[in-house]
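Chains, contacts and geometry: an overview
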Amino acid sequence: MSDVLRIISQTEIARGTLEVTLQKPDQFTYLAGQNINLRLPELRYEDEKGPRRTFTLTSAPHEPHLLIATRLSGSGYKKTLAELEAGSVCEFVGPQGKFVYDDKVEKSVWLAGGIGITPFRSMLLHADKQETFPDITLLYGNADIASTAYHDLLVQVAERQKSFHYVPSLTELAENDSWQGERRLISLDVIQEYLPDWEEVTYFLCGPPGMIKALTEQLQSAGLSEEKIRSESLWGY
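In short, a report on the structure. Everything numeric in this text was worked out from a predicted model, so none of it was measured.

About the thresholds
Residues numbered from 1 in each chain as written. Predicted model: local features only at pLDDT ≥ 70, side-chain atom pairs only at ≥ 80, totals over all residues. Heavy atoms only, no water. Helix = DSSP H or I, 4+ residues; strand = E, 2+ residues; numbered from the N terminus. Rg over C-alpha atoms; globule rule 2.2 N^0.38 Å. Contact = heavy atoms within 4.5 Å. Areas by Shrake-Rupley, 256 points an atom, 1.4 Å probe, with all protein chains shown as cover. Buried < 20%, exposed > 50% of the residue type's maximum accessible area, 1.4 Å probe, protein only. 1 Å grid on protein atoms, 1.4 Å probe; cavity = no way out; pocket = protein on both sides within 12 Å on 5 of 7 lines; lining within 4 Å. Points joined across faces, edges and corners; volume = space filled by probe spheres on them. Nonpolar A, V, L, I, M, F, W, Y, C, P; charged D, E, K, R; others polar. Phe/Tyr/Trp six-rings, centres within 6.5 Å; stacked < 30°, edge-to-face > 60°. Salt bridge = Lys/Arg side-chain N within 4 Å of Asp/Glu carboxyl O. Pairing = 2+ DSSP bridges. Axes fitted to C-alpha atoms, helices over the stretch in contact; angles between N-to-C directions. Polar contact = N/O pair within 3.5 Å; in protein donor to acceptor, adjacent residues only side chain to side chain.

Regarding the overall build of the chain
When helices and strands are tallied, the chain shows five helices and 11 strands. In terms of C-alpha radius of gyration, the chain reaches 18 Å, essentially the compact-globule figure of 18 Å for 237 residues. Projected onto its principal axes, the C-alpha coordinates of the chain cover approximately 50 × 45 × 35 Å. Once local pairs closer than 6 in sequence are excluded, the contacts in the chain between residues at least 24 apart make up 72%. A total of about 11700 Å² of accessible surface is found on the chain, and carbon and sulfur atoms cover 47% of it.

This is the structure in structure tokens:
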């Protein structure tokens with residue numbers, strides 16, 4: 001479908017990460033993890049890629065507004081998006097995309113890097129509304145806590161849902177930093193430490209293309225079939 005969305009507000013939810021709240025059209029439905037293509041009314045800064053970008057709907061389907069979140073790359077598009085006044089109208093196409101929550105998967109591992117958390121926020125809050133919460137382990141890599149979008153929310157869900165295991169990994173901390181958690185880049189070795197039954201679960205991967213490629217190759221080299229690996233690469237970092 002093609003229609004318009006009205007901007008309600010923009011908030012920097014982590015260092016360099018902007019969340020945009022959009023008015024949800026009447027009768028608009030989508031699957032947790034899907035995306036839309038958003039066209040800004042007018043670019044205020046030059047951008048060779050033009051006025052359109054694709055964003056995951058970070059909001060869960062039951063939430064009253066639509067949310068998207070993006071890294072502020074400095075492009076003309078992103079700078080314009082951050083400055084648009086409340087009430088600005090944007091055209092959109094969607095929903096679209098096949099990287100979605102699957103209620104038939106009883107145990108899964110979610111591997112996220114940076115803004116790759118966006119579909120997982122939607123999926124997680126959707127799962128949180130269901131009668132039975134599946135077994136999910138989320139490994140989420142960022143430079144530090146300040147750049148970790150939705151960290152507090154993920155902690156809260158992990159405290160409420162005992163079958164949701166949240167493992168944030170902060171990879172660019174100083175050696176003397178007080179962080180007691182994981183610091184390594186997400187890899188097969190790290191996955192195996194947290195999941196002894198790593199061969200028996202379904203993997204969902206989302207993040208920059210280099211991360212997705214490396215992790216997919218590691219998992220397949222270890223003998224995992226393509227059917228057990230679902231992924232979405234986020235371009236435009």
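Points about helix α2 (residues 118–127)
Of all 10 residues in α2, nine are buried, a share of seventy percent or more. Every buried residue belonging to α2 is among T118, P119, F120, R121, S122, M123, L124, L125 and A127, and all of these are buried.

Some details on the layout of surface pockets
There is about 250 Å³ of room inside the second largest pocket. Lining the second largest pocket we find 16 residues, and of these G113, G141, L185, I186 and M211 sit closest to its centre. Counting residues per element, the ones that place at least two in the lining of the second largest pocket are β8 (135–142) and α5 (209–221). Sorting elements by how many residues they give to the lining of the second largest pocket places α5 first, with four residues. Each residue belonging to the lining of the second largest pocket can be placed in one class, and the counts come to eight nonpolar, six polar and two charged.

What about empty space enclosed by the protein?
Empty space among the atoms can be located by rolling a probe the size of a water molecule over them. Under the criterion given, the structure shown has one cavity of 30 Å³ or more. Estimates place the volume of the largest cavity at around 60 Å³. Together, Y101, D102, V105, S108, W110, P134, I136 and F204 line the largest cavity.

Structural notes on the packing of aromatic side chains
Taken as a whole and assessed by the stated rule, the structure comprises seven aromatic pairs. Here F55 and Y77 contribute two aromatic rings whose centre-to-centre distance is 6.0 Å and whose plane-to-plane angle is 35 degrees, an arrangement assigned as tilted. With a gap of 22 residues between them, F55 in strand β4 (residues 52–56) and Y77 in helix α1 (residues 76–83) connect regions that are remote in the sequence. The same class applies to F55 and to Y77, which are both buried. Among the aromatic residues, those joined into a ring-pair cluster are F99, W110, F120 and F204.

Focus on the pattern of salt bridges
A side chain with one charge can pair with a side chain of the opposite charge if their charged atoms come near. Counted under the stated rule, the structure contains 12 salt bridges. For R184, the salt bridge is made with E182, and the minimal N-O distance between the two is 2.7 Å. Taking the relative accessible area as the measure of exposure, E182 reaches 10% and is therefore buried. One salt bridge in this structure joins R184 and E193, with 2.9 Å as the shortest N-O distance. What makes E193 exposed here is its relative accessible area of 53%. The structure contains a network of salt bridges with shared partners spanning R44, E83 and E85.

Section: the sheet that holds strand β9 (residues 164–170)
Pairing in this open sheet of five strands is parallel, and the strands run β9-β8-β7-β10-β11 from one edge to the other. Because the sheet does not close on itself, it has two edges, and the strands there are β9 and β11 (229–233). On average, adjacent strands in this sheet sit at an angle of 10 degrees to one another, irrespective of strand direction. In this structure, strand β7 (residues 107–113) lies alongside strand β10 (residues 202–207), joined through five bridges in parallel fashion. Bridge pairing in β10 places V109 opposite Y203.

Brief notes about the environment of Q10
Among the structural elements, Q10 can be located in strand β1 (residues 2–14). Given a relative accessible area of 22%, Q10 falls into the partly exposed group. In this structure the C-alpha to C-alpha distance between Q10 and L185, which are 175 residues apart in sequence, comes to 30 Å. Sequence-distant contacts of Q10, defined by excluding residues within four places in its chain, comprise L18, E19, V20, L81, A82, E83 and L84. Within the structure, Q10 has its side chain in polar contact with the backbone oxygen of L81 (distance 2.8 Å). A distance of 2.8 Å separates a polar atom in the side chain of Q10 from the backbone oxygen of L84.

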